[in-house]
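Next come the chains, spelled out residue by residue.
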Amino acid sequence: MALQERVFSGVQPTGNLHLGNYLGAIKRFVELQGRYDCIYCVVDLHAITVWQEPAELPQAIREVTAAFLACGIDPTKHIVFNQSQVAEHAELAWIFNCIARLGWLNRMTQFKEKAGKDRENASVGLYAYPTLMAADILVYRATHVPVGEDQKQHLELSRDIAQKFNNDFARSIREHGYGEAFFPLPEPLISGEATRVMSLRDGTKKMSKSDASDYSRINLTDDADAIALKFRRAKTDPEPLPSEEAGLKNRPEADNLVGIYAALAGATRAGVLAEFGDAQFSTFKSALIDLAVAKLGPIGAEMKRLTHDPVAIDAVLADGAARARKLAGETMKAVKDVVGFVRA
Ligand code: AQP
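Fair warning: this is a prediction, and the values are worked out from it, not measured in the lab.

Draft legend 1. Expanded view of the overall build of the protein. When helices and strands are tallied, the protein shows 14 helices and 5 strands. Taking 2.2 N^0.38 as the reference for a compact globule, 344 residues should give roughly 20 Å; the C-alpha atoms of the protein span a radius of gyration of 21 Å, in line with that estimate. Each of the three principal axes of the protein carries a C-alpha extent, and together these read 70 × 45 × 40 Å. Taken over 344 residues, the protein has a buried fraction of 51%. Across the protein, contacts joining residues at least 24 apart in sequence account for 77% of those joining residues at least 6 apart.

Structure, rendered in structure tokens:
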């Protein structure tokens with residue numbers, strides 16, 4: 001089986017899609033469409049690793065789908081679907097549960113952060129989250145994975161799982177004529193000025209869907225007034241902006257706002273500081289608000305329009321799932337041969 005370059009990534013339908021999800025992930029998904037075959041997934045199986053209200057989950061799934069489309073992902077040229085419609089993700093994840101080592105999972109910082117002190121009460125799914133993520137990527141034998149900085153460790157684990165599968169089953173892979181390396185080692189695509197967007201209330205904390213304060217994040221559905229209010233209230237320090245990047249060191253809030261501006265403008269931090277160096281935050285924030293409203297306003301409006309037509313969104317997901325299932329089914333047949341299962 002020849003390995004073809006392919007992009008896979010996912011977003012959880014856990015509510016409050018924010019500027020971090022946009023700049024760290026979805027905006028990059030859009031940019032990659034011209035260079036790769038892309039598969040973008042609403043990862044609802046991941047979402048239920050923590051409690052999701054069944055009456056609200058369908059709306060959350062449709063909202064992430066609407067965000068993909070509103071940001072410019074083309075579901076006719078690429079594949080957009082929700083994970084639970086393609087059973088092969090869970091099937092391969094089980095095999096990977098038998099490949100991954102407990103020691104590897106014990107090192108995952110996201111589990112430690114999310115489970116917190118109540119570790120005994122965390123779901124087994126939350127612990128096994130990274131093996132499902134490896135399956136999401138590798139069931140399509142994807143070679144490139146655009147993600148935010150926070151997912152780097154999980155991506156490394158996906159590579160370790162792919163490598164161990166290739167090694168453990170090397171003879172069987174050869175004997176079945178699947179070449180030398182069955183799975184590619186997927187490469188993380190983490191680059192740009194906003195790979196880790198921070199909270200507007202605390203520049204040392206990641207901007208996150210689950211932060212109790214709505215003022216910590218810009219939601220993709222925020223209107224112009226909300227965007228302006230949140231940036232105006234964003235924490236800063238008393239100094240004016242530096243004119244060189246080195247001056248952002250130890251100034252996490254300034255660094256975050258400059259990074260957000262740069263990513264929205266398609267510029268670099270250095271370029272932004274060349275323009276705004278020595279400016280007061282009040283001046284810089286006004287420019288940031290104008291830019292953010294210009295970029296995010298149309299996305300939020302389009303998301304609202306799309307979510308009013310759930311039938312159309314569900315049709316996009318069903319069509320994407322059918323195409324995804326075909327690709328995933330081919331991989332699973334080969335995996336079953338390699339592992340030694342008897343199949344029809
Ligand atoms: N703050 C961020 N900066 C840059 N990228 C980010 N991503 C998330 N937060 C930031 C990237 O967005 C993609 C989808 O994330 P997700 O929905 O699958 O999960 P998450 O990382 O758990 O999102 P949150 O908002 O941080 O949720 P909670 O509050 O539940 O922890 C991923 O590529 C992620 O890197």
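Don't stop here, the text continues.
Draft legend 2. View of the nonpolar core. Ranked by size, the top nonpolar core spans 63 residues in total, and within it Leu-19, Tyr-22, Phe-68 and Phe-231 carry the most contacts. Looking at which element gives the most residues to this core, the answer is helix H13 (residues 281–307), with 11 residues. Sequence-distant contacts of Phe-231, defined by excluding residues within four places in its chain, comprise Leu-19, Leu-200, Ile-218, Leu-257, Ile-260, Lys-285, Leu-288, Ile-289 and Ala-292. Within the second largest apolar cluster, 49 residues are counted, among which are Ala-115, Leu-155, Ile-161 and Phe-183.

Draft legend 3. Focus on the packing of aromatic side chains. Across all of its chains, the model carries 16 aromatic pairs by this definition. Taking the centre distance of 5.8 Å and the plane angle of 10 degrees together, the rings of Phe-8 and Tyr-140 count as stacked. Within this pair, whereas Phe-8 is found in strand S1 (residues 6–11), its partner Tyr-140 is found in the loop between helix H7 (124–138) and strand S4 (144–146), the two being separated by 132 residues in sequence. Pair check on accessibility: Phe-8 and Tyr-140 agree, each one buried. Taken together through their ring pairs, the aromatic side chains of Phe-96, Phe-165, Phe-169, Tyr-178, Phe-182 and Phe-183 make up a single cluster. Between the NZ or CZ atom of Arg-141 and the centre of the ring of Phe-182, over which it lies, the distance is 4.3 Å. For Arg-233, the ring lying beneath its charged end belongs to Tyr-215, and the centroid distance is 4.6 Å.

Draft legend 4. Local environment of the side chain of Asn-82. Turning to its location among the elements, Asn-82 is positioned in strand S3 (residues 79–82). A relative accessible area of 7% places Asn-82 in the buried class. At 3.0 Å, the side chain of Asn-82 and the side chain of Asp-44 are in polar contact.

Draft legend 5. A look at empty space enclosed by the protein. Within this structure, the stated rule accounts for 1 cavity of 30 Å³ or more. Estimates place the volume of the largest cavity at around 40 Å³. Along its surface, the largest cavity is lined by Met-108, Gln-110, Phe-111, Leu-126, Tyr-129, Pro-130 and His-154. For the lining of the largest cavity, the elements supplying multiple residues, two or more each, are helix H6 (109–115) and H7. When residues of the lining of the largest cavity are assigned to their parent elements, the largest contribution, 3 residues, is made by H7.

Draft legend 6. Region of interest: helix H11 (residues 252–265). Taking 1.5 Å per residue as the helical rise, H11 with its 14 residues ought to reach 20 Å, and the 20 Å between its terminal C-alpha atoms agrees with that figure. Most of H11 sits inside the fold, with 11 of its 14 residues counted as buried. What H11 keeps buried is the set Glu-253, Ala-254, Asn-256, Leu-257, Val-258, Gly-259, Ile-260, Tyr-261, Ala-262, Ala-263 and Leu-264. Considering only its buried residues, H11 is in contact with helix H1 (19–32), helix H10 (224–233), helix H12 (269–276) and H13. At the exit of H11 stands Gly-266, carrying a positive phi of roughly 70 degrees.

Draft legend 7. View of the pattern of salt bridges. A full pass over the atoms with the stated rule returns 19 salt bridges. Note that Asp-211 is salt-bridged to Lys-205, the shortest N-O span being 3.3 Å. For Asp-211, a relative accessible area of 15% gives the class buried. The closest approach of N and O atoms between Lys-235 and Glu-253, which form a salt bridge, is 3.5 Å. Note that Lys-235 is positioned in the loop between H10 and H11 and Glu-253 in helix H11, a separation of 18 residues in sequence. Since its relative accessible area comes to 42%, Lys-235 is described here as partly exposed. What you see here is one network of salt bridges that share partners, running through Asp-214, Arg-217, Asp-222 and Lys-230.

Draft legend 8. Representation of the packing of helix H4 (residues 88–97) against H7 within the structure. Closest axis-to-axis distance for the H4/H7 pair is 8 Å, and the angle between their directions is 120 degrees. As judged from the angle between their axes, H4 and H7 are oblique. The chirality of how H4 crosses H7 is right-handed. Touching His-89, Ala-90, Leu-92, Ala-93, Phe-96 and Asn-97 of H4 are Ala-128, Thr-131, Leu-132, Ala-134, Ala-135, Asp-136 and Leu-138, all from H7. Counted by class, the contact of H4 with H7 contains 9 nonpolar, 3 polar and 1 charged residues.

Draft legend 9. Layout of the site of the ligand. Contacts to the ligand come from 22 residues, most closely from Asp-150, Lys-206, Ser-208, Lys-209 and Ser-210. His-18 is positioned such that a nitrogen or oxygen atom in its side chain is 2.7 Å from an oxygen atom of the ligand. Here an oxygen atom of the ligand and a side-chain polar atom of Ser-210 are 2.5 Å apart. A per-element tally of the shell around the ligand places H1 first, with 4 residues. When the residues that make up the shell around the ligand are grouped by side-chain class, the tally is 6 nonpolar, 11 polar and 5 charged.

Rules and cut-offs
- Residues numbered from 1 in each chain as written.
- Predicted model: local features only at pLDDT ≥ 70, side-chain atom pairs only at ≥ 80, totals over all residues.
- Heavy atoms only, no water.
- Helix = DSSP H or I, 4+ residues; strand = E, 2+ residues; numbered from the N terminus.
- Rg over C-alpha atoms; globule rule 2.2 N^0.38 Å.
- Buried < 20%, exposed > 50% of the residue type's maximum accessible area, 1.4 Å probe, protein only.
- Contact = heavy atoms within 4.5 Å.
- Core = buried A, V, L, I, M, F, W, Y, C linked by side-chain atoms within 4.5 Å.
- Phe/Tyr/Trp six-rings, centres within 6.5 Å; stacked < 30°, edge-to-face > 60°.
- Lys NZ or Arg CZ within 6 Å of the ring centre and 35° of its normal.
- Polar contact = N/O pair within 3.5 Å; in protein donor to acceptor, adjacent residues only side chain to side chain.
- 1 Å grid on protein atoms, 1.4 Å probe; cavity = no way out; pocket = protein on both sides within 12 Å on 5 of 7 lines; lining within 4 Å.
- Points joined across faces, edges and corners; volume = space filled by probe spheres on them.
- Expected span 1.5 Å × (residues − 1).
- Salt bridge = Lys/Arg side-chain N within 4 Å of Asp/Glu carboxyl O.
- Axes fitted to C-alpha atoms, helices over the stretch in contact; angles between N-to-C directions.
- Parallel < 35°, antiparallel > 145°, perpendicular 65-115°, else oblique.
- Left-handed = near helix turned anticlockwise from the far one by under 90°.
- Nonpolar A, V, L, I, M, F, W, Y, C, P; charged D, E, K, R; others polar.
- Near = heavy atom within 4 Å.

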